[in-house]
There are 2 protein chains.
Amino acid sequence: MDQNASVNDLIVHRGKEYTCGIDVTLAVVGGKWKASILWHLAQETMRFSELQRQFSETTRKMLTQQLRELEADGLVHRKIYPQVPPKVEYSLTDKGRSIYPVLDMMCEWAKEHLQDEISG
Amino acid sequence: MDQNASVNDLIVHRGKEYTCGIDVTLAVVGGKWKASILWHLAQETMRFSELQRQFSETTRKMLTQQLRELEADGLVHRKIYPQVPPKVEYSLTDKGRSIYPVLDMMCEWAKEHLQDEISG
DNA sequence: CTGTATCCCGGGGGATACTG
DNA sequence: CAGTATCCCCCGGGATACAG
């Protein structure tokens, strides 16, 4: 293969190739509940049941799935307390925290440029 | 209506309510090809056929659909030249350009924090 | 409490053909 | 050239039940 065409941008993530970093970031935080999950975990470590309450519109299955993917991507840490009944805490890793400014910027952009659509 | 509980964040977009700006932004740019389309259009105005070449992996249908949604969201301008054969040019609106820094940040985050996954 | 396993439905999105 | 229209398949994700 060729050696120094070597990619300004080619990134492999979870077996898929991306030519643009944006798409990778979207793959990581673009899931249906991921951004909100990260947003909440940025405030505080939460137990699974707390997340369930926060995201009462979704199912355990989806919540678990999104958390597992975030964990696999190294954004979320899952701490299991070996006790009965089980206790599991979710928190952000450094990598997870590092994406906060991006999320914040997305939030600000929405507020600024979609403000006309704010109900009131 | 209620006075100053008034929403830190409640935004209505395309008939859906969002409690978080992030999700609205994702609704706008999170579509399968939208971010890349915006990215390319930020460089230059492009005709439909040029976009087709750039996004040869997708179909006319999807490309059209994504462009229509971006247009409806006011990020992309569609200029039709009334001639035969037809000529249509797509470009960014001010609003479309305003999201560039966000996309750029997403790109940078991916490069910094997923660098270990860069193939080489 | 914190999950998995299973079933099942709707819609996103591809392939293809048609049109102004 | 720049699209629609149609068909159809796949799988994301909801509901529900079971499990350690």
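Per an unreviewed UniProt entry, chain A goes by Helix-turn-helix transcriptional regulator and derives from Desulfobotulus pelophilus.

A. How the structure looks around helix H1 (residues 21–29) of chain A. Counted residue by residue, H1(A) has eight buried out of nine residues, so it is predominantly covered. For H1(A), the complete set of buried residues consists of A:Gly21, A:Ile22, A:Asp23, A:Val24, A:Thr25, A:Leu26, A:Val28 and A:Val29.

B. Quick look at the sheet that holds strand E3 (residues 46–47) of chain A. Residue and element names in this part refer to chain A. Reading across from one edge, E3-E5-E4 is the order of the three strands in this open sheet, with antiparallel pairing throughout. Bordering the open sheet on either side are E3 and strand E4 (76–81), each of which pairs with just one other strand. Note that E4 and strand E5 (residues 87–92) share six bridges and pair antiparallel. What sits directly across from Val-76, in E5, is Leu-92. Contacts from helix H2 (residues 34–43) reach E3, E4 and E5 within the one sheet, and its direction differs from that of E5 by about 95 degrees. Strand contacts of helix H4 (residues 60–72): E4 and E5, with the helix running at about 110 degrees to E4, the strand carrying the most contacts.

C. Local environment of the protein's contact with DNA strand C. Of all residues adjacent to DNA strand C, which total 20 residues, the nearest are A:Ser49, A:Arg78, A:Tyr90, B:Lys61 and B:Met62. By atom count, sugar and phosphate contribute 66% of the portion of DNA strand C lying within 4 Å of the protein. At 3.0 Å from a base nitrogen of DNA strand C is found a side-chain nitrogen or oxygen belonging to A:Arg60. At 3.0 Å from a phosphate oxygen of DNA strand C is found a side-chain nitrogen or oxygen belonging to A:Arg68. When contributions to the surface near DNA strand C are tallied by element, the ones reaching two or more residues are helix H3 (48–54), H4 and E5 of chain A together with helix H4 (60–72) of chain B. Considering every element that reaches the surface near DNA strand C, the biggest residue donor is H4(A), with four residues. Taken together, the residues of the surface near DNA strand C break down into seven nonpolar, four polar and nine charged.

D. Quick peek at the packing of aromatic side chains. Residues and elements named next belong to chain A. If you walk through the whole model with that rule in mind, you get six aromatic pairs over all chains. With a centroid separation of 5.0 Å and 10 degrees between ring planes, the pair formed by Trp-39 and Tyr-100 is classed as stacked. A residue pair is termed long-range when its members are at least 10 positions apart, and Trp-39 in helix H2 and Tyr-100 in helix H6 (residues 100–113) qualify at 61 residues. With a relative accessible area of 29%, Tyr-100 lands in the partly exposed category. Lys-87 extends its terminal NZ or CZ atom over the ring of Tyr-81, reaching a point 4.6 Å from the ring centre.

Conventions we followed
- Residues numbered from 1 in each chain as written.
- Chains lettered and ligands numbered in written order.
- Predicted model: local features only at pLDDT ≥ 70, side-chain atom pairs only at ≥ 80, totals over all residues.
- Heavy atoms only, no water.
- Buried < 20%, exposed > 50% of the residue type's maximum accessible area, 1.4 Å probe, protein only.
- Helix = DSSP H or I, 4+ residues; strand = E, 2+ residues; numbered from the N terminus.
- Pairing = 2+ DSSP bridges.
- Contact = heavy atoms within 4.5 Å.
- Axes fitted to C-alpha atoms, helices over the stretch in contact; angles between N-to-C directions.
- Near = heavy atom within 4 Å.
- Polar contact = N/O pair within 3.5 Å; in protein donor to acceptor, adjacent residues only side chain to side chain.
- Nonpolar A, V, L, I, M, F, W, Y, C, P; charged D, E, K, R; others polar.
- Phe/Tyr/Trp six-rings, centres within 6.5 Å; stacked < 30°, edge-to-face > 60°.
- Lys NZ or Arg CZ within 6 Å of the ring centre and 35° of its normal.

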